[in-house]
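# Overview (structure and organization)
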Amino acid sequence: MDGFYSVSKGYSALQTPHCSVYPLAIWKSVWYSHCLPKVNFLAWLVLNNKILTGESLMKRGFKGPSCCCLCKFALETADHLLVDCAFSRSVLEIILRDVLSSFSIQNSEIEFYIAWHENRPVKSHSEILHNNWHSILKFTWWAIWIARNCCIFKD
Ligand SMILES: [Zn+2]
């Protein structure tokens, strides 16, 4: 490295499979899916632990409330907001019931995404589900994120 950043160097680093703790297929599922770019970006933020929750804002010195606004019960972490929160869990359970009844909710949003990825239906079973599998979870997270933002910014 020469100490200078360029877009091509950044792109090359992102294409190197060993630069991530997750398999390359996980990242491909984030960016190469039938989903809106803003929804893909939110998933990327979640998987990189970069989503701006109450906890992460508090670590950056924000003095405002850090409690989950959806349940008003716990510190707002990414795990809580997207997996543990009673509101989010009820949304996820509805989605899971309709899409994959044998799937269980994981402990963290990252474990959840990886398990979701590993349970993707084969194309011969359902081409529509196969092609849109990752989008289902990403749009669900997006809807939870929008509900959270509405709670915060409309009060
Ligand atoms: Zn909550």
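Calculation rules
- Residues numbered from 1 in each chain as written.
- Predicted model: local features only at pLDDT ≥ 70, side-chain atom pairs only at ≥ 80, totals over all residues.
- Helix = DSSP H or I, 4+ residues; strand = E, 2+ residues; numbered from the N terminus.
- Contact = placed C-beta atoms within 7 Å.
- pLDDT = per-residue confidence, 0-100.
- Buried ≥ 20, exposed ≤ 12 C-beta atoms within 10 Å, placed from the backbone.
- Arc of directions from axis to C-beta.
- Core = buried A, V, L, I, M, F, W, Y, C linked by C-beta atoms within 7 Å.
- Axes fitted to C-alpha atoms, helices over the stretch in contact; angles between N-to-C directions.
- Parallel < 35°, antiparallel > 145°, perpendicular 65-115°, else oblique.
- Left-handed = near helix turned anticlockwise from the far one by under 90°.
- Nonpolar A, V, L, I, M, F, W, Y, C, P; charged D, E, K, R; others polar.

### Here's the deal with the environment of Thr77
Mapped onto the fold, Thr77 is located in the loop between helix 4 (54–59) and helix 5 (78–84). On a C-alpha basis, the gap between Thr77 and Asn49 in space is 9.7 Å, while along the polypeptide they are 28 residues apart. Here Thr77 is in contact with Thr53 and Glu55, once residues within four sequence places are set aside.

### Points about the confidence of the model for the protein chain
When pLDDT is averaged across the protein chain, the result is 85; 91% of the residues are at 70 or more. The element-level mean pLDDT for the protein chain is lowest in helix 1 (residues 7–15), coming to 76, with helix 3 (residues 37–47) highest at 93.

### So, helix 3
Among all positions in helix 3, only Val39, Leu42, Ala43, Val46 and Leu47 are buried. Take helix 3 and look down its axis: the buried residues cluster within an arc of 135 degrees, on one side only. More than 90 degrees from the buried face of helix 3, the exposed residues found are Pro37 and Lys38. Where helix 3 is buried, its residues meet helix 2 (24–31), helix 5, helix 7 (109–118) and helix 8 (127–153). Once helix 3 finishes, Asn49 follows within two positions and takes phi at roughly 55 degrees, a positive value.

### Brief notes about the environment of Val39
Mapped onto the fold, Val39 is located in helix 3. Sequence spacing of Val39 and Phe139 is 100 residues, and the spatial spacing of their C-alpha atoms is 6.5 Å. If we skip the residues at most four places from it in the chain, Val39 touches Lys138, Phe139 and Trp142.

### As for the nonpolar core
Buried together is how nonpolar side chains tend to be arranged in soluble globular proteins. Ala43, Val46, Leu47, Leu81, Leu82, Tyr113 and Trp141 are the most contacted members of the largest nonpolar core, which has 22 residues in total. Mapped by element, the contributors of at least two residues to this core are helix 3, helix 5, helix 7 and helix 8. When residues no more than four places from it in sequence are discounted, the contact partners of Leu81 are Thr53, Cys68, Glu76, Ser88, Ile144 and Arg148.

### Topic: unusual backbone geometry
Phi angles above zero are rare outside glycine, and Asn49 is one such case at about 55 degrees. Tracing the chain through its elements places Asn49 in the loop between helix 3 and helix 4. Look at Asn49 and you get partly exposed, because 14 C-beta atoms sit within 10 Å. Even without a glycine there, the phi angle at Lys72 is positive, about 55 degrees. One can find Lys72 in the loop between helix 4 and helix 5. Its 9 C-beta neighbours within 10 Å are what place Lys72 among the exposed residues.

### Thoughts on the packing of helix 6 (residues 86–99) against helix 8
Interaxial distance between helix 6 and helix 8 falls to 10 Å at its minimum, and their mutual angle equals 155 degrees. The orientation of helix 6 relative to helix 8 falls into the category roughly antiparallel. Seen along the crossing, helix 6 lies across helix 8 with a hand that is right-handed. The segment helix 6 lies against helix 8, with Ser88, Val91, Leu92, Ile95 and Val99 engaging Ile136, Thr140, Ala143 and Ile144. By residue class, the composition of the contact of helix 6 with helix 8 is seven nonpolar, two polar and no charged.

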